[in-house]
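What follows is the residue order along each chain.
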Amino acid sequence: MKNYSYRLSILFFLFLGTNIIAVGQEEAEQNAKFYNVSALLKENGKSYQQVIANYNASKEGIIQISHNNEILLRDSLNKGNNQFQLTFPAIKKAKDITLTLQVDNFTSEKIPFTIVPPKKWEVNIVQHSHTDIGYTRPQSEILAEHMRFIDYALDYCDQTDALPDAAKFRWTCESAWVTQEYLRTRPAAQIKRLLKRIEEGRIEVTAMLFNMAEIADENIMVDFLTPLKLFNKYEIPVYTAMQNDVNGIAWSMPDYFKNTGVKYLNMGINETRSIRPFDKPTCFWWESPAGERLLAYRSDHYMTGNFWGMPSKEDFNEIKLLNYLKEMENKDFPFDKIQVQFSGYRTDNAPPSTGACEIIEAWNKKYEYPKLKLAITKDFFEYIEKNHADELPVYQNAWLDWWSDGFGSSARETAEVRKTQNLKQVDEGIFAMVQMLGGEVNKKVQDDIWHISENALFYDEHTYGAAESISQPFSINSMRQWLQKGAYSWEAMKQVTLLHEDALGRLQQFFKKADFPVIYVVNSMGWNRSATIQLFIDYEILPSDKAFSIIDLTTNEKIPVQFSHGRREGSYWNLEVGNVPALGFKALKIDVSEEKKQVTELSKNENTEVLENQYFKIAIDKKTGGIKEFYDKELQENLYDNENPYFIGQPVRETLESRNKMAPSHSTVFNLKVEPGVAGDVWKSIKVAADLKGFTEGEDGEPQGIEWEIRLFNNSKKVEFSYQASKEIITDPEALYVAFPFRLPDSRITFETIGGSLAQGEQLPGSSSDWNVAQNFVSVKGSTGQIIMVSDEVPLWHFSDFNMGKFERYPKPGKPWLYSWVMNNYWFTNFRAFQEGTVNWTYTISTTTDTTVTTATKFAWGVRNPLPTRTFPAGKNELTSPVFKTMNITGDENVMLINSRPSFNGNGSVLLHFREIDGKPAQIGLSSQIEDRPVKTLKQVNIIGEIIQELDVKNIAFNPNEVKFIEIEL
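Model, not experiment: these values are computed from the prediction.

Here is what the cut-offs are and how they apply
- Position numbers for residues start from 1 in each chain and track the written sequence from start to end.
- Local features in this predicted model are restricted to residues whose pLDDT is 70 or higher, and side-chain atom pairs enter the listing and the counts only when it is 80 or higher, whereas totals over whole chains, interfaces and linings include all residues.
- The basis for every side-chain value is the complete set of non-hydrogen atoms in the structure, without hydrogens or water.
- The numbering of helices and of strands both runs from the N terminus, where a helix is a DSSP run of H or I of at least 4 residues and a strand a run of E of at least 2.
- Each cavity reported here is a set of points on a 1 Å grid over the protein atoms alone in which a 1.4 Å probe fits but cannot get out, each pocket an open set with protein on both sides within 12 Å along at least five of seven lines, and each lining residue one with an atom within 4 Å of a point.
- Grid points are joined across faces, edges and corners, and a volume is the space filled by probe spheres set on the points.
- Under the grouping applied here, Gly and all other residues not named as nonpolar or charged are polar, the nonpolar ones being Ala, Val, Leu, Ile, Met, Phe, Trp, Tyr, Cys and Pro and the charged ones Asp, Glu, Lys and Arg.
- We call a residue buried when its accessible area falls under 20% of the maximum for its residue type, exposed when it is over 50%, and partly exposed in between, using a 1.4 Å probe and counting protein chains only.
- Any pair of nitrogen or oxygen atoms within 3.5 Å is treated as a polar contact; in protein, a donor-acceptor pairing is required on top of that, and neighbouring residues in sequence qualify only through side-chain atoms on both sides.
- Contacts are residue-level and defined by heavy atoms, with any inter-residue pair within 4.5 Å sufficient.
- Convention adopted: a line fitted to C-alpha atoms gives each axis, helices being fitted over their contacting stretch, and angles between N-to-C directions are expressed from 0 to 180 degrees.
- Relative orientations are named as follows: roughly parallel for angles under 35 degrees, roughly antiparallel for angles over 145 degrees, roughly perpendicular for angles from 65 to 115 degrees, and oblique for any other angle.
- The length a helix should cover is 1.5 Å for every residue beyond the first.

**Student:** So what's going on with unusual backbone geometry? Which residues, and what values?
**Tutor:** A negative phi angle is the norm for most residues apart from glycine, just as the trans form is the norm for most peptide bonds. With an omega of 0°, the peptide bond running from Met310 to Pro311 counts as cis. Structurally, the position occupied by Pro311 is in the loop between α7 (304-307) and α8 (318-330). Residue Pro370 follows Tyr369 across a cis peptide bond; omega there is 0°. Here Asn69, not a glycine, exhibits a phi torsion of approximately 65°, which is positive.

Shown next as C-alpha cells:
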C-alpha cells in the first residue's frame, strides 16, 4: 500500500477535530490537530481510510508523524497552516490509537486519537453558468454568450460520451431565458441535438426566466414563467426551478408551479450581506400560504465546487472537498448524498468546462468513497423524494430576499417599474373586458404586453450593475451597465403608456355618447370601487372660465371636484368617484353653465397647524413638519406614539461610517418652512419645506432640499403624504427614511408580499428581517382596528426600528413603528453608488375597524391600480344606461380577482387569476352580464393554460389562501 502524503499550505481551514497539543516550549504557538474524513480507498484488494493532520507552524521546519513505530509522514513545514493526508487500514468500528508527533528536533509528543469508520458519501456535482445580466460585462453581451455556452455544452457531451457515466459532462441551464431564446433562434438541427441530450439526462432545462429580486408583483410573476409554454411545445420536461445568488424567492411560486410538472426548487444562496436559512444545506417542503409545496433545497453557494479548485486539475484540492464533507458531518447533515454546484470558471457568466470530467474520473478510480458524479439538478431531488420525502420538515413561510434593498439605490426607476406593473395590470383587465364584449384583441396586443413584461422583469432581475459600480461609479463600464439597466424601466413605462391608450381605444367603441360631455370611468378590477382619480380635460370640453359641475348619472348628484394644475390646452382635475362596477364602467356628466367663473384657482388652507374633518384631527409640529397628533375619531385613538423620537411623516437621514461597518447615525430636517396648503372639495392640505443634508440646500428661510404636502381628504377616510426631494450626488454611504411611528392597542405589523401576507417575524428563519419589501401594503393591526399604509413608489420598509446590521434570524414582533426606506447606496458592488436630481413619492393612509386582510388588500390595490377614464365631447345621444358590467362575481368577498387578461389561445377566452386572501374557505360564482354572450365554458387551468378540470359557474370553491387560474369563454 502506497502512503498518500500531501502537503498543502492554505490561508484558512476548518478546525473540525479535537486533541490539540502544544509541541515544544519554544514553539508554544505551534499546534497539531487530527480529524477523521470520509475517504475510503482500495488498493490491491484492501481498503484504506484517511485522517487529516492539520499543523500551524510559526516557522519553517520538518514534521514527522508515526504510528506503532511506522512513519506515516515526514515532510517539510511552511510557516502558517499546513495540512496533510494520513492513510490507515479501513476499520468497521471506532478504534483508539496513539500518534507520535515530532517537529524538527523537539521532543516527540504522544497524541491519543480515535479513528472512526468513514461515512460513505455520494456527491452530485452540478455544472451551470450563473446568469448575471450585467456585472461581469454589459447586459447587451450576456445573452449571446450564454447561448454559445449551450452550443459548447452539446459539444462537450459529445466529447465525453466514452467516459464512465459519473464523469460524463452534464449541464444545467440555470436561466429559462437563455433556453427560450436558444429555441427561438437556433437551427432545427442544433435544437434536435439539445432535445436529445435533454432526453438522455445530460442537459437539464429549468423553469424560471432568471434570478429574481422581490420588486416584481404577483401578476408579472405569471409572465415570469412564460418560457414554460415554449418548453411544453417542444415537449421538454421541466422539473426544477433554480434561483442562484439571490437569497429569497416569491412566495407565489409553489402555487404557480402547481400541475406544471415543476416540483423542485434549488436555491444556491450567496450569503453576502445576508444570513441564510438553516445552519447547513437543507432539504424541506416549502409551502405557499395555500399549502401547495415544492421540494426545496437550500444549497450552499452556487460556486462551492469552485472553492475546492474545480474544474482545474492543477488547482483542485482534495482536502478542501473532504473538509467540506467533514463539516457536513459535524453539522449532522442527514443524508449520504449531497449536491453542490460549480461553474466552468470561478466567475459569473462562465463558459462550461470539461475539466471536472477528468477530475471525477481520476477521483473515482482512486476512492471508493466519496463517490463523485457530474449530475443535473433534478438527480439529487429525485433521490431525496424517493428515499426521504416523509422525513423532511415543512415550512409554510415567506422566503424573503435580503438583496432587494439594493433597489433603493435607484428610487426613481424602481418607482417607475412599480407603477408600470400596476398600469399593465389595469390594461390587461381592460383588454379582457374588450375580449368578453367581442371586440378585437389581436396578437400585436399579446406581443406588446410581453414586451412590457419582459422589460419590467429585466429591471426586477437581481443584477443591477457592474462589479465595480461602487468602487468606480463613473467608469465607462459602470455607466454603460447602469444606463442599460435603467433603460428597462423607462422602456417598460413608455410602452405601457401606449398600451394604455390602445386598451382604452379598443374599449371606447362600447361607450355611448350623449348630448352632453361624458366622462367614462373604468374599473378593470374584480370588486366595485370608489376612488380619487385624476384626469386631464381639454378646455374645449371644460372651459377654465365657466362654472360647471360633474354629475354621477347613477344618483344625479354632484361629485367632489378639485383643480390640480393646468396647461395651455386644458387642466388636470381630481374627482371623487363612487361605486364604479367591477369589470365595468360608469358614466359621469360634465354640466357646464354659462356663468362666468374662474374655476382653475384654489382656495388656500390658512390653518398651518391643524387639519381636521369628521375622520381625523391632525396637528403639525412646526419644528420638523411631522405629525405630532394623529387622532382617529372612529377608533378614538391618537395614532402617534410619542415614545418615538420622530414624528409621523418626518424625514430621517442615515449615514454609515463605512460600507463595511453597519453602525448608523441619524439626522433630520432643518431650516423648516410650513405654508398654507389648499382647501378644495376633495382635500385640504398643509405644505412643508425643509433642508436635509445630502439634498440641495437653500437659503435661510427658503429651503430647497425636500418638501411635502399632507392632504386630508374630505369625503373618504384617508390621508395622503406627497414628497419631493432634490438629491445631490454623494457616493459616501447614506440613506433616507420617512418615519411613521404608530401606536394602536394590542397591535402587530403585517404586510403583503408576492402571493400572500404575513406578520412581522413570520418569515422563513434566516430570510430577510432587517428590511422587507411590501408588494402593496403594510398594516398595523390591532384588536379594534387597523392602520393601512400604501406607497405607490417605495417598496422597502424597516419595522419597529432602524435595523441596519442586525441580521436577525428569529426577529421578534416589535412596536408598530414603520420606517419607509426611500433610498440608499449601501452596497459595495452591483448597485448604484449615488442618486441625483428630483425624486417624487407618496403614501396613503387609511384606518378601519375591519381588521381583515381583505380590507387591507383591496384598499391598497385600489390606491395603486388607477381607475382609467375617457372623456367625450357632446354628440348624438345614445346613452341609455350610466353603468355597465361585463361579468358578475358573486359570493365571498375574500376571494380576490388578482388579474384578468385575454388567454390568447385562439378561442376568445379570458384568463382570470383569483386568490383567497383571508385564510378561510370560500366560494364564488361567475356570470356574464353581456347580452347574448353567456358563459360557454369555465375551466380551471394551470399557469400555462393546460386544463385541470371543468368548473361549475355557480359554485367555485376555494380552500384557504388558494390560487386558481380560470379560463372563461363567452
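That covers the picture; the talk isn't over yet.
**Student:** Residues and numbers for empty space enclosed by the protein, please.
**Tutor:** Taken as a whole, this structure holds eight cavities of 30 Å³ or more when the rule is applied. One number sums up the size of the largest cavity: a volume of about 110 Å³. Lining the largest cavity are 14 residues; nearest its centre among them are Ser469, Pro473, Ser478, Trp482 and Arg832. Considered class by class, the residues forming the lining of the largest cavity number eight nonpolar, five polar and one charged.

**Student:** How would you explain the side chain of Asn270 if you had to name every residue and give the values?
**Tutor:** Following the sequence through the fold, Asn270 ends up in the loop between β14 (264-269) and β15 (282-287). Given the relative accessible area of 12%, Asn270 is considered buried. Side-chain polar atoms of Asn270 contact the side chain of Thr272, separated by 2.7 Å. Sequence-distant contacts of Asn270, defined by excluding residues within four places in its chain, comprise Asp245, Asn247, His301, Tyr302 and Trp403.

**Student:** Which residues make up the packing of helix α1 (residues 142-159) against helix α2 (residues 176-185), and what values go with them?
**Tutor:** Between α1 and α2, the least distance of the axes is 9 Å, while the angle of their chain directions is 75°. Judged by the angle between their axes, α1 and α2 are roughly perpendicular. Across from Ile142, Leu143, His146, Met147, Ile150, Asp151 and Leu154 in α1, the residues of α2 making contact are Trp177, Val178, Thr179, Glu181, Tyr182 and Thr185. Counted by class, the contact of α1 with α2 contains eight nonpolar, three polar and two charged residues.

**Student:** Describe helix α9 (residues 355-366), and please don't skip the residues or the numbers.
**Tutor:** Over its twelve residues, α9 extends 17 Å from the first C-alpha to the last, a length consistent with the 16 Å expected when each residue adds 1.5 Å. Taken together, the buried positions of α9 are Gly355, Ala356, Cys357, Ile359, Ile360, Trp363 and Lys366.

**Student:** Explain the environment of Ser927 to me, using residue names and the numbers behind them.
**Tutor:** Take Ser927: it is sitting in strand β53 (residues 922-928). In this structure, the C-alpha to C-alpha distance between Ser927 and Val340, residues 587 residues apart in sequence, is 52 Å. Excluding anything up to four places from it in sequence, Ser927 contacts Met887, Asn888 and Val935. In this structure the side chain of Ser927 is engaged in a polar contact, spanning 3.3 Å, whose partner is the side chain of Gln929.

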